[in-house]
Amino acid sequence: MAIPKLKLPLNGLTCIFLSCLFHVNSALPIIPLHDTTLTGTPTASASQSGGNPKFVFAHHIIGNTFNFTPSIWLNDITMAHAAGIDGFALNVGNQPWEPSQVRSAYDAAQASGKLFKMFLSLDMTSLPCASPSDAQKLVALVNSQNSHPSQFRYGSGNKTFVSTFSGEACTFSSPSPSRGWAQHFVEPLGPDIHFVPAFFVDVSQLSAGNAEGDGGFGGIISGDFNWNSGWPTQVTTAALRQSATDPATLASLLNLNASSVVQMPSGPGLSGILKRSLFARSVLAAVSGAFTSDELHLKAIKGRSQNKNQKSGMPTANHYTTVSPWFFTHYSPQTFNKNFLFLSDNHLYSRRWETLVDSRDAVDLVEIVTWNDYGESHYVGPIEGTQPNSQAWVDGNDHTGWLDLTAYYAHAFKTGVYPTVTRDKIVMWARPHARDAEASGDDVARPTNFQLTEDSLWATVLVPAPSTVVLSVAPQSSNASPISLSSGVNSTTSKVFDVPAGASHLKIPLIVNGGMRAAVFRNNELVLDFSPGGFTFDSSPKTFNFNAFAAASP
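Residues numbered from 1 in each chain as written. Predicted model: local features only at pLDDT ≥ 70, side-chain atom pairs only at ≥ 80, totals over all residues. Heavy atoms only, no water.

## Section: the layout of surface pockets
No. 1: Reported here for the largest pocket is a volume of approximately 740 Å³.
No. 2: Considering the residues around the largest pocket, the lining is formed by 31 residues, among which Ile61, Asp123, Thr125, Lys338 and Asp373 are closest to the centre.
No. 3: When residues of the lining of the largest pocket are traced back to their parent elements, those giving at least two are strand S2 (55–61) and strand S3 (87–92). (1 Å grid on protein atoms, 1.4 Å probe; cavity = no way out; pocket = protein on both sides within 12 Å on 5 of 7 lines; lining within 4 Å. Points joined across faces, edges and corners; volume = space filled by probe spheres on them. Helix = DSSP H or I, 4+ residues; strand = E, 2+ residues; numbered from the N terminus.)

## Observations concerning empty space enclosed by the protein
No. 1: Enumeration according to the criterion identifies four cavities of 30 Å³ or more in this entry.
No. 2: What the largest cavity holds in volume is close to 50 Å³.
No. 3: Around the largest cavity sit Trp326, Phe327, Leu341, Phe342, Leu343, Ser344, Asp345, Arg431, Thr453 and Phe546, which together line it.
No. 4: For the lining of the largest cavity, the per-class residue count stands at six nonpolar, two polar and two charged.
No. 5: There is about 40 Å³ of room inside the second largest cavity.
No. 6: For the lining of the second largest cavity, the leading source of residues is strand S8 (residues 223–226), giving three residues.
No. 7: Grouping the constituent residues of the lining of the second largest cavity by class yields six nonpolar, two polar and one charged. (Nonpolar A, V, L, I, M, F, W, Y, C, P; charged D, E, K, R; others polar.)

## Details of the pairing of S3
No. 1: Of all the six residues making up S3, six are buried; the element is thus mostly covered by neighbouring parts of the structure.
No. 2: In S3, alternate side chains face the same way, and those of Gly87, Ala89 and Asn91 on one face and Phe88, Leu90 and Val92 on the other are all buried.
No. 3: As paired strands, S2 and S3 are joined by five bridges and run parallel to one another. Following the sheet pairing, Ala58 is matched in S3 by Phe88.
No. 4: Traced from S2 through helix H2 (residues 70–82) to S3, the parallel crossover comes out right-handed.
No. 5: The handedness of the S3 to strand S4 (residues 117–123) crossover, carried by helix H3 (residues 98–112), is right-handed. (Buried < 20%, exposed > 50% of the residue type's maximum accessible area, 1.4 Å probe, protein only. Pairing = 2+ DSSP bridges. Right-handed = clockwise from strand over helix to strand, strands pointing away.)

## Some remarks on helix H5 (residues 177–189)
No. 1: For H5, built from 13 residues, the straight-helix expectation of 18 Å at 1.5 Å per residue is met to within 8% by its first-to-last C-alpha distance of 17 Å.
No. 2: The set of residues buried in H5 consists of Ser178, Gly180, Trp181, Ala182, His184, Phe185, Val186 and Leu189.
No. 3: Looking at the buried positions of H5, the neighbouring elements they touch are S4, helix H4 (132–146), strand S6 (159–165) and strand S7 (193–198).
No. 4: Phi turns positive, to about 80°, at Gly190, one or two residues after H5. (Expected span 1.5 Å × (residues − 1). Contact = heavy atoms within 4.5 Å.)

## Observations concerning the sheet that holds strand S16 (residues 494–499)
No. 1: Spatial strand order, S16-S15-S18-S19: four strands in an open sheet with antiparallel pairing. Two strands lie at the open edges of the sheet, namely S16 and strand S19 (525–530), each paired on one side alone. Put simply, the sheet's adjacent strands are angled 20° from each other on average, direction ignored.
No. 2: One ladder, built from five bridges, connects strand S18 (residues 517–522) with S19; its direction is antiparallel. Its bridge partner being in S19, Phe521 is matched across the sheet by Leu526. (Axes fitted to C-alpha atoms, helices over the stretch in contact; angles between N-to-C directions.)

## Some words on the environment of Glu438
No. 1: Checked against the element boundaries, Glu438 lands in the loop between strand S13 (425–430) and strand S14 (456–463).
No. 2: Owing to a relative accessible area of 54%, Glu438 belongs among the exposed residues under this scheme.
No. 3: Along the primary structure Glu438 and Ser539 are separated by 101 residues, whereas in three dimensions their C-alpha atoms are 7.8 Å apart.
No. 4: Every residue in contact with Glu438, bar those within four places of it in the chain, is listed here: Arg446, Ser540, Pro541 and Phe544.
No. 5: Among the polar contacts made by the side chain of Glu438, one reaches the side chain of Arg446 at a distance of 3.2 Å. (Polar contact = N/O pair within 3.5 Å; in protein donor to acceptor, adjacent residues only side chain to side chain.)

What follows is the structure, given as structure tokens:
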């Protein structure tokens, strides 16, 4: 199901985000516009047969695997494979021990006996790239795994798949980055490479250029990898404040237009403020998981196929994109100097997957960002290995519950058909403390963009038949009591939803010192009652933590 695009008039937008989202008194509740934001199993509009095969990989940070043993690699591979993931994109940096862990990963994939592949994602924010010798080391690294049975090979040419994170400024001493990559990396590796870098450049550079790298990257890449598409990165508090005085900018920012069918709420006093706040929330929800940036990239690579300067016979580039459940990082200026978040509310992971299923004819490979990047809080794998000093916001916040959703959506993306739900499943997540809470012992300020967040419990529920679901945020101490529809539901801590068969996305406001619990009823009988331990919504945290705690029912 495509995410519906919310449209609004371009007059009177100044108030929406400044007065009505950021500056609402923190004592006032941000009531959700809809308790149920999307219900029912979406129908994949994409073809169920034909076209290129589809793959799902997960980005695995080698830099966090210093203490990995073969058994840990095997466990990761087993978990990922069970979730419908076809392999790992191994992010390799400049530490001297990393190539040996790369080899261990490849060997473990082979030993697993599963159809599970690996490819290199060269982290060019870490690896040097100023000289030809730097490029020679990259070529040697690729060649060291090229013949391994676990190497991911792509397309009819069965070519070695290689990617990067960044690298758009690397020259290897050539006059330009595109010339450098062409001369010192692509050409030495020869025709057996399928090169899909994640370059952070204007999309025009993806279509311009020839095979020697003159004029852009379009003539040397085999595919386009849109790394930042997993989050609505364009939505920031600064951008929204700036666009409050320029409605056209805001419309462009949020992919809206002037053909309005939805009117901005109006009204005086508290009632008017709350209505406009709710409307602002619905606007933020509309951009979560959208395909907007992918459309720009697709247009660019279409231009590449029409580029007359390319080498004769070069195939049309493929489009690769990402899906991610979260983003929050909290490093001080004295360390990595990263303290911000991207908008991750509004069931981002589920919505983005549904967008990709709906758009699967245009996308051949989806990369989950990430399996184990703890520093940026977008891990879906277990908390293990060596963290990059992120323990303050990672420890205790398990994310493996999202793997249950991964299995459901990966199947739909690869086949074009959503799997039949055969047993009830609840996946829930929430941040550990209130958005406006003060931290008592944190030397680092609140993260940039924290105002975008919402104090809600988010849930995606999978049921095999129409059901009634109860979400509760009552304190954990109350979870020992039976939950029953006939006894009524406390509206201050619980809400009841009627949902159809398939996937439904639900939310309710969190309360201070509350927990999380969900129950599924059918024919007035309780069929599932799930209350994960380890979560309490705090009002007085020691440090700021905008990570999420995610859990899935057994």
